[in-house]
Amino acid sequence: MKRLAPWIVGLGAISYGIPASLFKLAGRAGVQNGPLLFWSFFSSAVILTLIHVSRGRRLNAQNTSWRQVLLVMAAGTASGFTNTFYILALRLIPVAVAAVMLMQSVWLSVLLGAVIKHRWPSRRQLLSIILVLAGTVLAADLLPITTALSGWGLLFSFLAAVAYAGTLQFTASLGNNLEPLTKTWLLCVGALGLIVVAWGPQLINVPFSLVAVKWGLLTACFSMILPLACYSRFMPLVPLGVGPILSSLELPASIVVAFLLLGERVSWLQLVGVVVIIGAVIFANRPGHRA
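Here the structure is a predicted model, which means the values were calculated and not measured.

*Asks:* Can you help me understand the overall build of the protein chain in this one?
*Replies:* The secondary structure content of the protein chain amounts to 14 helices and zero strands. When the helices and strands of the protein chain are listed from N to C terminus, the series reads α-α-α-α-α-α-α-α-α-α-α-α-α-α. Against the compact-globule benchmark of 19 Å for 291 residues, the protein chain has a radius of gyration of 18 Å, which places it among compact chains. By its C-alpha atoms, the protein chain is 50 × 50 × 30 Å across when sized along the principal axes. Counting across all 291 residues of the protein chain, residues that qualify as buried make up 51%. Sequence-distant contacts in the protein chain: of pairs separated by 6 or more residues, those separated by 24 or more amount to 90%. Here the protein chain contributes 19 positively and 4 negatively charged side chains, and the mean placements of these two sets differ by 13 Å.

This is the structure we're talking about:
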């Protein structure tokens, strides 16, 4: 299972790269951010609740406590914060700049993991992080910056990175005695609670729309169910510092999906950045290093 873990975590990261294009397509269809996020998280919670109930694995049969259940649900709010801050940032700054800021979650997550586990990453992991950040700048086609940037936009995107770093660490360190699907279900319920609170006013004022439900259900598969299931089961099995590096595959995935679904232009510098990021991931997961 440990040999398979980096691949599955990478799959979860790639899944996280898909919703950005789906959000943009939903916006073109007239769906507002609040209902889109609500139906995405609500669909995830409903689907995972049905799976949990049908499997008949009660919480009290999984060697857990209500304190741990509440902690996992509270950890799920990190995913809700990530989506909320990121959408707010996209209103104020270009997607490329927001993507670069979001990828600060790589070093933030490594730092958070080192503080939690009292163990610093290796030199190879630190070099991989540097390569990821350099590749991110190229892949996002950030340079040169020719327009003024909103300070609030930069702040919101950095807060999204902090929340995403929390998601990576919480899925690796909390509730590991729970079944992966049960843990994912609790994370989704916690995230849904945050979305309802954060976007409540807009949800009340915007009329019900089947289009919003459709796009919410579609994005739920890639923004919550698949990635959280991958992270919950396999993130605890990858070495310290490697999980955040694997999460950087989100950016190359978002570029490829945007090219395929939205027809966005991809420059040769962006391709170089994608190659650098993938190379950094491979470098961090060389068999000798994992051993």
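Right, picking up where we left off after that structure.
*Asks:* How should the packing of helix α9 (residues 180–205) against helix α10 (residues 210–234) be read in this particular structure?
*Replies:* How two helices sit against one another is set out by the angle between their axes and by the gap between those axes. The interhelical angle for the contact between α9 and α10, taken along N-to-C directions, is 130°, at an axis separation of 9 Å. Judged by the angle between their axes, α9 and α10 are oblique. You can see that α9 and α10 cross each other, and the crossing is right-handed. Listed contacts from α10 to P180, K183, T184, L187, C188 and A191 of α9 are M224, I225, L228, A229, S232 and R233. Each residue belonging to the contact of α9 with α10 can be placed in one class, and the counts come to eight nonpolar, two polar and two charged.

*Asks:* Before we go on, may I ask you to explain the environment of G200 in this structure?
*Replies:* Here G200 lies in helix α9. On a C-alpha basis, the gap between G200 and C188 in space is 17 Å, while along the polypeptide they are 12 residues apart.

*Asks:* Just to check I follow, could you spell out α10 for this structure?
*Replies:* Since the α-helix advances by 3.6 residues per turn, residues separated by three or four positions end up pointing in the same direction. Relative to the 36 Å expected for 25 residues at 1.5 Å per residue, α10 spans 35 Å between its end C-alpha atoms, a close match to the ideal helical length. Looking at where α10 begins, the residue whose side-chain oxygen comes 3.2 Å from the main-chain nitrogen of V211 is S209.

*Asks:* Would you explain the packing of aromatic side chains in this entry?
*Replies:* For any two aromatic rings, the description comes down to two numbers: the centre-to-centre distance and the angle of the planes. For the structure on display, the rule yields nine aromatic pairs. Between the aromatic rings of Y16 and Y164, the centroid separation amounts to 5.4 Å while the plane-to-plane angle is 80°, which identifies the pairing as edge-to-face. Placement of the pair is Y16 in helix α1 (residues 5–16) and Y164 in helix α8 (residues 151–173), with a sequence separation of 148 residues. For the pair shown, Y16 and Y164 are each scored as buried. Consider the rings of W39 and F208, whose centres lie 5.8 Å apart with planes at 75°: the pair is edge-to-face.

*Asks:* Just checking my understanding: could you explain the side chain of S223 for this structure?
*Replies:* Structurally, S223 is set in helix α10. In this structure the side chain of S223 is engaged in a polar contact, spanning 3.3 Å, whose partner is the side chain of S40. A polar side-chain atom of S223 sits 2.7 Å from the main-chain carbonyl oxygen of T219. When residues no more than four places from it in sequence are discounted, the contact partners of S223 are Y16, P19 and S40.

*Asks:* Would you explain the packing of helix α3 (residues 33–55) against helix α4 (residues 66–90) in this entry?
*Replies:* Put simply, α3 and α4 touch, their axes get as near as 11 Å, and they point 160° apart. Taken together, the axis directions place α3 and α4 in an arrangement best described as roughly antiparallel. Here α3 runs over α4; the crossing is right-handed. Contact residues: N33, L37 and F41 in α3; S79, G80, N83 and I87 in α4. Among the residues forming the contact of α3 with α4, the class breakdown is three nonpolar, four polar and no charged.

*Asks:* Explanation requested: the side chain of S15 in the structure shown.
*Replies:* Relative to the helices and strands, S15 is located in helix α1. Classification of S15 as buried rests on a relative accessible area of 2%. A polar contact of 2.7 Å, which involves the side chain of S15, links it to the backbone oxygen of F222. If we skip the residues at most four places from it in the chain, S15 touches C221, F222, L226 and P227.

*Asks:* Teacher, can you tell me more about the environment of S150 here?
*Replies:* Here S150 shows up in the loop between α7 (123–139) and α8. Excluding residues within four positions of it along the chain, S150 makes contact with L92 and I93. Here the side chain of S150 touches G153 through a polar contact of 3.1 Å, landing on its backbone nitrogen.

Conventions used here
- Residues numbered from 1 in each chain as written.
- Predicted model: local features only at pLDDT ≥ 70, side-chain atom pairs only at ≥ 80, totals over all residues.
- Heavy atoms only, no water.
- Helix = DSSP H or I, 4+ residues; strand = E, 2+ residues; numbered from the N terminus.
- Rg over C-alpha atoms; globule rule 2.2 N^0.38 Å.
- Buried < 20%, exposed > 50% of the residue type's maximum accessible area, 1.4 Å probe, protein only.
- Contact = heavy atoms within 4.5 Å.
- Lys, Arg positive; Asp, Glu negative; His and termini not counted.
- Charge placed at Lys NZ, Arg CZ, Asp CG, Glu CD.
- Axes fitted to C-alpha atoms, helices over the stretch in contact; angles between N-to-C directions.
- Parallel < 35°, antiparallel > 145°, perpendicular 65-115°, else oblique.
- Left-handed = near helix turned anticlockwise from the far one by under 90°.
- Nonpolar A, V, L, I, M, F, W, Y, C, P; charged D, E, K, R; others polar.
- Expected span 1.5 Å × (residues − 1).
- Polar contact = N/O pair within 3.5 Å; in protein donor to acceptor, adjacent residues only side chain to side chain.
- Phe/Tyr/Trp six-rings, centres within 6.5 Å; stacked < 30°, edge-to-face > 60°.

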